[in-house]
Every structure is written in C-alpha cells, then in structure tokens.
Amino acid sequence: MAPPKSKNSFPVKKPSASASGGSAKAKTPSRKGGLRSLYTPAEVHEIFRRFSVQRPEPKGELDYVNPFTLLIAVVLSAQATDAGVNKATKPLFSVANTPQKMLVLGEAKVGDYIRTIGLWRNKAKNVIALSKALIDDHAGKVPEDRDELVKLPGVGRKTANVVLNVAFGQHTMAVDTHIFRIGNRIGLAPGKTPEQVEQGLLKVIPAEYMRHAHHWLILHGRYVCKARKPDCPACVIADICKSKEKTTDLPAPLIELAPLDETEDRSIGVSSSECSG
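Now for a look at the structure at hand. Worth saying up front: this structure is predicted, and the values here are computed from it rather than measured. (Residues numbered from 1 in each chain as written. Predicted model: local features only at pLDDT ≥ 70, side-chain atom pairs only at ≥ 80, totals over all residues. Heavy atoms only, no water.)

This next bit is on the packing of aromatic side chains. Tallying each qualifying case throughout the model produces two aromatic pairs. Between Phe48 and Phe51, the aromatic rings sit 5.6 Å apart at their centres with planes inclined by 90 degrees, giving edge-to-face as the arrangement. With a gap of three residues between them, Phe48 and Phe51 both fall in helix α2 (residues 41-54), about one helical turn apart. Note on accessibility: Phe48 and Phe51 belong to one class, buried. Between Tyr209 and Trp216, the aromatic rings sit 6.1 Å apart at their centres with planes inclined by 65 degrees, giving edge-to-face as the arrangement. A single burial state applies to Tyr209 and to Trp216, both of which are buried. Of note, Arg115 hangs over the ring of Trp120, and the distance from its end group to the ring centre comes to 4.3 Å. (Phe/Tyr/Trp six-rings, centres within 6.5 Å; stacked < 30°, edge-to-face > 60°. Helix = DSSP H or I, 4+ residues; strand = E, 2+ residues; numbered from the N terminus. Buried < 20%, exposed > 50% of the residue type's maximum accessible area, 1.4 Å probe, protein only. Lys NZ or Arg CZ within 6 Å of the ring centre and 35° of its normal.)

Looking at the secondary structure, you find Ile114 in helix α6 (residues 107-114). Using a relative accessible area of 0% as the deciding quantity, one classes Ile114 as buried. In the structure, Ile114 is positioned 23 residues away from Pro91 in sequence and 9.7 Å away in space, judged by C-alpha atoms. Once residues lying within four places of it in the same chain are set aside, the contact partners of Ile114 are Leu76, Ala88, Leu92, Trp120, Lys123 and Ala124. (Contact = heavy atoms within 4.5 Å.)

Ranked by size, the top nonpolar core spans 37 residues in total, and within it Leu71, Met102, Val110, Ile114, Leu130, Leu152 and Val155 carry the most contacts. Apart from residues no more than four positions distant in its own chain, Leu152 is found in contact with Leu71, Leu130, Ala133, Leu134 and His138. Residues Val53, Ile186, Cys235 and Cys241 belong to the second largest nonpolar core, which totals 32 residues. (Core = buried A, V, L, I, M, F, W, Y, C linked by side-chain atoms within 4.5 Å.)

With that settled, consider empty space enclosed by the protein. Within this structure, the stated rule accounts for four cavities of 30 Å³ or more. Its boundaries defined by the atoms lining it, the largest cavity holds a volume of some 120 Å³. Considering the residues around the largest cavity, the lining is formed by 15 residues, among which Cys225, Pro230, Cys232, Cys235 and Cys241 are closest to the centre. (1 Å grid on protein atoms, 1.4 Å probe; cavity = no way out; pocket = protein on both sides within 12 Å on 5 of 7 lines; lining within 4 Å. Points joined across faces, edges and corners; volume = space filled by probe spheres on them.)

So, about helix α4 (residues 82-95). Owing to its 3.6 residues per turn, the α-helix aligns residues three or four sequence positions apart on the same side. Helix length check: α4, at 14 residues, gives a terminal C-alpha distance of 20 Å against a target of 20 Å (1.5 Å per residue), a fit within 8%. Listed as buried for α4 are Asp82, Val85, Asn86, Ala88, Thr89, Leu92 and Phe93. On its buried face, α4 sits against α3 (67-76), α5 (99-105) and α6. (Expected span 1.5 Å × (residues − 1).)

One pass over the structure, following the stated rule, counts 13 salt bridges. The partner of Asp136 in a salt bridge is Lys132, with the nearest N and O atoms 2.6 Å apart. Placement of both Asp136 and Lys132 in helix α7 (residues 120-138) is noted, with a separation of four residues, approximately one turn of the helix. Residue classification places Lys132 among the partly exposed residues on the basis of a relative accessible area of 42%. Between Arg185 and Glu245 there is a salt bridge, and its shortest N-O distance comes to 3.4 Å. One end of the pair, Arg185, is in helix α10 (residues 177-185); the other, Glu245, is in the segment after α12 (210-223), with 60 residues separating them in the sequence. Salt bridges sharing common partners tie together Glu46, Arg49, Arg50 and Asp239. (Salt bridge = Lys/Arg side-chain N within 4 Å of Asp/Glu carboxyl O.)

So far we have only geometry, and geometry alone does not tell us how the molecule works.
As structure tokens, this is what we get:
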C-alpha cells in the first residue's frame, strides 16, 4: 500500500442540496444495475487516504495460520462473532490445520470443537465436505480463483472475496452488512444487492488503496458509521460525506488509531439472510 501522502486537510466544498439529495446524474443506472457514486475521483481518493492514515495496516479479526484455516474461519463466522469463532478454532486448528488433518478428524469431532458456534452441525458437515473437495479437486490447496472457491461447500462470493483479499492479496471487495450499508448510506457505491455494491466499489476505489479497502470499510461501518446511529463526530470524512443522515460537516482529527482491543466482541461474518456468504 502506498504510504499516506499528507495528513493535511483536504479542501472539499460542502455538498450542495442537489448533490446530497441525489442529482439526476447520481441516479443514472450503471451497466450492472447499481447507481453511480456521488463522489468525484478526487473525493474518493481522499476518503481512502484518510482511512489509510487512521489504520496504515488494518488486520482482519479472525485468527488463522494459513489460507486453509482462514477459509474455515470465514465459513464458520456466518451468524457468529469473530471472538466466538476464534475461541473455537484455536484448539481446532492446533490439531487440524490442513484439509488432510481435518478430514481425518471427522465430522463428529469437528462438531465437538465448534458446538459453541451458531449452526455448528451444518458447519461441521461443510468443513469436512470442503476439506474433501480441496483434497480431491485441488491437491489439498486453497484455490486462488473465485469461481473455484464458490464451488466449495459452504463458500459463497463474500467468503471467497475475503480469502482472496486476505490470504492472497487480490484486489477484491467482500461486501458484508457494514460495507453494503456504507455503500448505500453515503452514496459511495449505491446498489440494491451486495454484488452491485461490490462492483461499484471496485470501480471507484483507487488501485493503490484496494489492498486494504475491505478492512477499512468494515471497521468504519462497525465503529463509526453504525447501523442504528452513525457517530458523525468521530468520522474523519464528515466534511466529504454526502449522506442525508450525517449530523456534522466537521471531520474528526486525522490521527493514527491504536490497535483494536482484541477482547472486544466483533463480527466479520454476517447472516446469510443479510448478505450471501
């Protein structure tokens, strides 16, 4: 990731009523069925520059030791918190950190390790079926291709994008409930479906920020642009934001944030009813 260019404030004019309310141009459908971003390329660049100053090296909150264990952790995270998943997978991964070892462990024993996680019975079946598919079809390795990943049991587009981005550094965008909300609430990449928001974000986010954009948006949605009530005074892009819900045009001080408390209860996964895995 390119280092932050400057910590100085970006001179952005206060959005006009037409811009914040949605101009005719902003409502023009894109080829993918979504809506166009309300922001200029310069504004989008500044948004992610500020996120990069806040968190130069954002990290995912699921514990893993290799691409396989990351894949398993993300599959298990649906309808569960990261803290809960990490508590279950720490002992599991200590004895089974490869598809071969997981298959030998078997569904019943996998279930014993993850029974504190929601939907654990079905997830145990998927973990074993997924492990077998990796051995049979991919020589025991996690494929670096989305089309191949989504063929695996329990793996949807969002899960595949997380693995491709975190494990392999690909410029993908995994749209969870937080990113879907931000894309629409602030007009960064409006869309009726997670895939429309995904395509919109991939189109507008500068390549130099794509490596960490997924984590920046999730963390912003989780701790600042919250679902029930956005914490606008804590927002570093309040002056750029075009959301009708914002309560201030004054951005929060742009400083690097301390690492998140690992004991906090967090969730990277979302309900399958909210966004497909």
